[in-house]
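# Analysis of the macromolecular model
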Amino acid sequence: MTPACPLQLNDHGRLRHFLSLDGLPRELLTEILDTADSFLEVGARAVKKVPLMRGMTVCNVFFENSTRTRTTFELAAKRLSADVITLNVSTSSTSKGETLTDTLRTLEAMAADMFVMRHADSGAAHFVAEHVSPNVAIINGGDGRHAHPTQGMLDMLTIRRHKGDFSQLKVAIVGDILHSRVARSNMIALKTLGCPDIRVIAPKTLLPVGLEQYGVNVYHNIEQGLKDVDVVIMLRLQRERMRSGLLPSESEFYRLFGLSEQRVALAHPEAIVMHPGPINRGVEIDSSVADSPRAMILNQVTYGIAVRMAVLSMTMSGQNEQRQLDAEKSAQQEAR
Amino acid sequence: MRIQISGARLLDPASQFDQTCDIFIEGGKIAALGDKPSGFSVEQLIDARGLIAIPGLVDINASLREPGYGRKGTIASETRAAAAGGVTSLCCTPFTKPVLDTPAVAELILDQARDHGAARVYPLGAFTQGLAGDNLAELVTLRDAGCVAFTNGLVPFANNRLLRHALEYAATFDLTVIFQPQDRDLAEGGIAHEGAAASFRGLGGIPETAETVALSRDLLLVEQSGVRAHFSQITTARGARLIAKAQQRGLPVTADVAMYQLILTDEALLDFSSLYHVQPPLRSLEDREGLREAVRSGVISAIASHHQPHEVDAKQDPFAATEPGISSIELLLPLAMSLVQEGVLDLPAAIERLTSGPARAMRLGAGSLSIGARADLVLFDPDGQTVAGDNWLSRGGNCPFIGHCLPGRVRYTMLNGRISFRQD
């Protein structure tokens, strides 16, 4: 099930929004990774800024709490020399009864060029791109359970930098797949990039229906699932999963699906361990694993800035290109 | 007014009548079919050659939104839309503000319909006070005020004991009870059919069992109480099979399906369009096939619009935050013709499920064109077309079919021998 998402591409097939990895071709994902690689060097310099988005205004609009995603987006925009404002809308306008549409139109009226948006409803970024601000670039910073495409791409960058060619890899995603937008974006990205063995490991209560459409192999036993894998992606387990009866307790989850040293030993000797954070030590991952050299959790944060710089700059240029194309089109129509 | 409709093919599924014959109308009633009665002086002649005359459609579930939700629709606006869709009789839902749980609201609706309505309106009463699912509404008083059946919509009873007693009370007075089976707990957190499409889009799922578990429970209580029950807006293939088995056991149960459920599936969710946000949700292709089969076999004897008009704002939000429902009553006949064109139903069966089938389920004296019956009828051009959205009459523009070119064109709708809708 891979309907193209023309909404996020301009007439030349370049990004004009970044809503979902679904429907994006492998070449485009690879280009994002290549661009992010080049920005990693910028981050290592004494002066970390490049002028690619000078004069542009990026508006971070977070309808849901976030620390690392929000701050890394902020840093990414600043390193591209954009002006950045950040709004935690969960605590402001919407509690006064303002609609999502009105909140965003207000920001649009302040001449923002780009919105980075996080929202609890799946499809919220699509909705905004389609109905609210077709001429403002929309970057999805996470929408409900649907997608977290920049997290997906920073995970791919981590894997590529440490493991290389996707076509030789076995990757396991462990934990709450059902509620995870990170898992969905990762499954799509891994498939698009040609990973031949994608595994998901969880009890049935944490797996969504229709997993076959992602081309993944399902395991309910972590020992079997981790065998010989090159990459382990652990997901955060939220407390409310126990309250809604999906699991009996954190400790039983840890006993059955927690990532301990013994279990990591079943994976490939050079395997890396990833986690989108924030981690729950002793719930989904043991401290000895989280703090071991194979853990990529902090590298992921660093790569996250570079990936977000890549996505912001590529989307901005695609959006500008589309504005030019539209202007040319309307000039042609007037000439007629 | 004495009217002669000349040259139409008269199709009346209730009497299995299907041949070209003239129709004579006098005093709002069918005076004669075929030959002109002696002494009948024609005041208006309608040349209906090439058209098909059928009984006016009977839509047993439409939300007219009045009183209380005038931004979404009014009795005047929505019955005009109904007439455009070929509807002459409809049952309106009690989900108004205030809820239709008192005779005063029923009377208000009936008065409005009498003064401004372009269709016959039969109110459905609330089964419980305020639709809260505990205290019974005054069912017999409401029946006497004009309510033809009782429903609690998707709101469940507080517990099975209260439901059991409610059914026994209704059975005492031979009232018709309408179920919209959906288990609240199984559906909780869901906004779309639990399947691959919703899963891919991260939309919370409503499992098929939300319907079938509730339906199984309801059928057992119907059997115990002996109440006359109608299951409304069935969405699953297995739900339809459960109803078939109950009918085979001799239970007095009927069922309807929403017209759009026979056309759309959950595949429509892929672009997050809120136009496809409905409750209960659009189901899978297999479910749609099961529903179509049940309509063909007659297990599901009625197709209803489940018309739910909304103002623009109600649909302007991310999918989950929007209000559910589709405005479609004014396309009822063209949508039925699209099923005929696709070979899902033959024409007499399609018309039967939209006329005498639903009329029987709600025990309405409508849906047939025999001599002496009220002249509620539709003349439509089977070879014509309807561009959905042209001259839209409903206050709700929330219709995913707008812009589509549908087969068939309603030319005249007549209510009581008067033209309630007409187009060329």
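Going by an unreviewed UniProt entry, chain B carries the name Dihydroorotase and comes from Thiopseudomonas denitrificans.

Chain A is annotated in an unreviewed UniProt entry as Aspartate carbamoyltransferase from Thiopseudomonas denitrificans. According to UniProt, the comment filed for chain A under the heading Catalytic activity (unreviewed entry) is "carbamoyl phosphate + L-aspartate = N-carbamoyl-L-aspartate + phosphate + H(+)". On record in UniProt, under Subunit (unreviewed entry), the comment for chain A is "Heterododecamer (2C3:3R2) of six catalytic PyrB chains organized as two trimers (C3), and six regulatory PyrI chains organized as three dimers (R2)."

Across chain B, the average pLDDT comes to 97, with 100% of residues at or above 70. Model confidence for the complex: the whole-complex pTM is 0.94, and ipTM, which rates the interface, is 0.90.

Before going further, it helps to spend a moment on the packing of helix α7 (residues 208–225) of chain B against helix α8 (residues 237–248) of chain B. Residue and element names in this part refer to chain B. Between α7 and α8, the shortest axis-to-axis distance is 9 Å and the interhelical angle comes to 15 degrees. Judged by the inter-axis angle, α7 sits roughly parallel to α8. Read as a crossing pair, α7 and α8 show a hand that is right-handed. For the pair formed by α7 and α8, the contact residues are Glu208, Glu211, Thr212, Leu215, Ser216 and Leu219 on the first element and Arg238, Gly239, Leu242 and Ala246 on the second. Along the lines of polarity and charge, the residues of the contact of α7 with α8 split into four nonpolar, three polar and three charged.

To continue, consider the nonpolar core. Core analysis: the biggest nonpolar cluster contains 235 residues, and A:Met114, A:Phe115, A:Val174, A:Val232, A:Leu312, B:Ala53 and B:Val177 have the highest contact counts within it. Considering every element that reaches this core, the biggest residue donor is helix α12 (residues 297–335) of chain A, with ten residues. Once you skip the residues sitting within four places of it in the chain, A:Val174 turns out to touch A:Ile201, A:Ala202, A:Ile222, A:Val232, A:Ile233, A:Met234, A:Leu235, A:Phe257 and A:Leu259.

Chain A puts 23 residues into the contact, and the matching count from chain B is 17 residues. When residues of the side of chain A that touches chain B are traced back to their parent elements, those giving at least two are α3 (100–109), α4 (124–132) and α6 (181–192) of chain A. Sort the elements by how many residues they give to the side of chain A that touches chain B and α4(A) lands first, with four residues. Class assignment of the residues belonging to the side of chain A that touches chain B gives a composition of eight nonpolar, eleven polar and four charged.

In this section: the domain arrangement of chain A. Residues and elements named next belong to chain A. Domain boundaries assigned for chain A yield domain 1 (9–147 + 301–335) and domain 2 (149–299). The straight-line distance from the C-alpha centre of domain 1 to that of domain 2 is 27 Å. Broken down by element, the side of domain 1 that touches domain 2 gets its largest block of residues, seven residues, from α12. Split into classes, the residues belonging to the side of domain 1 that touches domain 2 amount to twelve nonpolar, eight polar and six charged.

Residues and elements named next belong to chain B. The buried fraction of strand β10 (residues 120–126) is high, at seven of seven residues. Strand direction decides the pairing type here: strand β9 (residues 87–92) and β10, joined by four bridges, are parallel. From the neighbouring strand, Cys92 faces β10, where its bridge partner is Pro123. Of the strand pairs in this sheet, β10 and strand β11 (residues 149–151) are connected by three bridges, and their pairing is parallel. Its bridge partner lying in β11, Ala126 is registered against Thr151. Following the chain from β10 across helix α3 (residues 139–145) to the adjacent parallel β11, one finds a crossover that is right-handed.

Residues and elements named next belong to chain A. Relative to each other, helix α5 (residues 149–163) and α12 sit at 120 degrees, their axes nearing to 8 Å. When the axis of α5 is compared with that of α12, the two are oblique. As α5 runs across α12, the sense of the crossing is right-handed. Counted together, Thr150, Met153, Leu154, Asp155, Leu157 and Thr158 of α5 and Asn299, Gln300, Tyr303, Gly304, Val307, Arg308 and Val311 of α12 form the full contact between these two elements. Looking at the contact of α5 with α12, its residues break down into six nonpolar, five polar and two charged.

This part takes up the domain arrangement of chain B. Residue and element names in this part refer to chain B. Taken domain by domain, chain B comprises domain 1 (2–52 + 373–385 + 405–422) and domain 2 (56–361). If you average the C-alpha positions of domain 1 and of domain 2, the two centres end up 30 Å apart. Counting from both sides, the interface comprises 17 residues of domain 1 and, opposite them, 23 residues of domain 2. Looking at the side of domain 1 that touches domain 2, the elements that each hand over two or more residues are β18 (377–387), β19 (405–415) and β20 (418–422). The element contributing the most residues to the side of domain 1 that touches domain 2 is β19, with six residues.

A word on the pairing of strand β4 (residues 137–143) of chain A. Residue and element names in this part refer to chain A. Taken across its seven residues, β4 has seven buried, putting it largely inside the fold. Pairing geometry for strand β3 (residues 114–119) and β4, over five bridges, is parallel. By the bridge assignment, His119 is partnered in β4 with Asp143. Tracing the backbone out of β3, into α4 and back to the parallel element β4 gives a crossover that is right-handed.

The next point concerns α3(A). All names here are of chain A. Leu100, Thr103, Leu104 and Leu107 are the residues of α3 that are buried. In an axial view of α3, the angular spread of the buried residues amounts to 90 degrees, which keeps them on one side of the axis. Along α3, exposed side chains directed more than 90 degrees from the buried face belong to Thr106 and Ala109. Summarising the contacts, the buried residues of α3 are in contact with β1 (57–62), β3 and α4. Positive phi shows up at Ala111, right after α3, with a value of about 65 degrees.

Moving on, we come to the UniProt feature "domain: Amidohydrolase" (unreviewed entry) in chain B. Per the UniProt record, "domain: Amidohydrolase" (unreviewed entry) is found at residues 342–420 of chain B. For residues 342–420 of chain B, the end-to-end C-alpha separation is 29 Å, with 16% helix and 32% strand making up the annotated structure.

Another point: the UniProt feature "binding site: carbamoyl phosphate" (unreviewed entry) in chain A. All names here are of chain A. Per the UniProt record, the feature "binding site: carbamoyl phosphate" (unreviewed entry) sits at Arg68, Thr69, Arg118, His148, Gln151, Gly277 and Pro278. Following the sequence through the fold, His148 ends up in the loop between β4 and α5. Given 28 C-beta atoms within a 10 Å radius, His148 is considered buried. Those residues in contact with His148 that lie beyond four places of it in its chain are Gly142, Arg181, Val182 and Ser185. Along the polypeptide, Pro278 turns up in the loop between β9 (272–274) and α11 (287–290). Classification of Pro278 by C-beta neighbours within 10 Å gives exposed; the count is 9.

Turning our eyes to something else, we now look at the environment of A:Ala267. All names here are of chain A. Among the structural elements, Ala267 can be located in the loop between α10 (261–264) and β9. Overall, Ala267 belongs to the buried group, with 22 C-beta atoms counted inside 10 Å. In the structure, Ala267 is positioned 39 residues away from Asp228 in sequence and 4.2 Å away in space, judged by C-alpha atoms. Residues in contact with Ala267, not counting those within four places in the same chain, are Leu226, Asp228, Val229 and Val232.

Our next topic: the environment of B:Gln19. Relative to the helices and strands, B:Gln19 resides in strand β3 (residues 17–20). B:Gln19 sits 363 residues away from B:Pro382 along the chain, and the two C-alpha atoms are 15 Å apart.

Parameters at a glance
What you see as residue numbers is a count from 1 along each chain, following the sequence as written. Whichever chain is written first is A, and whichever ligand is written first is 1; the rest continue in order. Residue-level local features of this predicted model are given only where pLDDT is at least 70; pairs of side-chain atoms are given and counted only at 80 or more, and the full residue set underlies all totals for whole chains, interfaces and linings. UniProt positions are given in the numbering used here, feature names are shortened, and annotations may be inferred rather than shown by experiment. Residue-level confidence of the predictor is summarised by pLDDT, bounded by 0 at the bottom and 100 at the top. Orientation is described by lines fitted to C-alpha atoms, with helices fitted over the stretch in contact, and by angles between N-to-C directions that extend from 0 to 180 degrees. Think of it this way: any DSSP run of H or I at least four residues long counts as a helix, any run of E at least two long counts as a strand, and we number them from the N terminus. Any angle from 65 to 115 degrees is called roughly perpendicular, while one under 35 is roughly parallel, one over 145 is roughly antiparallel, and all others are oblique. Left-handed describes a crossing whose near helix is turned anticlockwise from the far helix through less than a right angle; right-handed describes the clockwise counterpart. What counts as a contact is two residues whose backbone-derived C-beta atoms lie within 7 Å of each other. By the convention adopted, Pro, Cys, Tyr, Trp, Phe, Met, Ile, Leu, Val and Ala count as nonpolar, Lys, Arg, Asp and Glu as charged, and the other residues, Gly among them, as polar. One nonpolar core equals one set of buried Ala, Val, Leu, Ile, Met, Phe, Trp, Tyr and Cys residues connected by C-beta atoms within 7 Å. Buried means a residue has 20 or more other C-beta atoms within 10 Å of its own C-beta, exposed means 12 or fewer, and partly exposed covers the counts in between; C-beta atoms are placed from the backbone. Domain limits in this description derive from either an automatic procedure or a database domain assignment. Should DSSP find at least two bridges between two strands, the strands are taken to pair. We call a crossover right-handed when, viewed with both strands directed away from the observer, the connection leading from the first strand over the helix to the second proceeds clockwise. Taking the helix axis as origin, the arc is that swept by the directions to the C-beta atoms.

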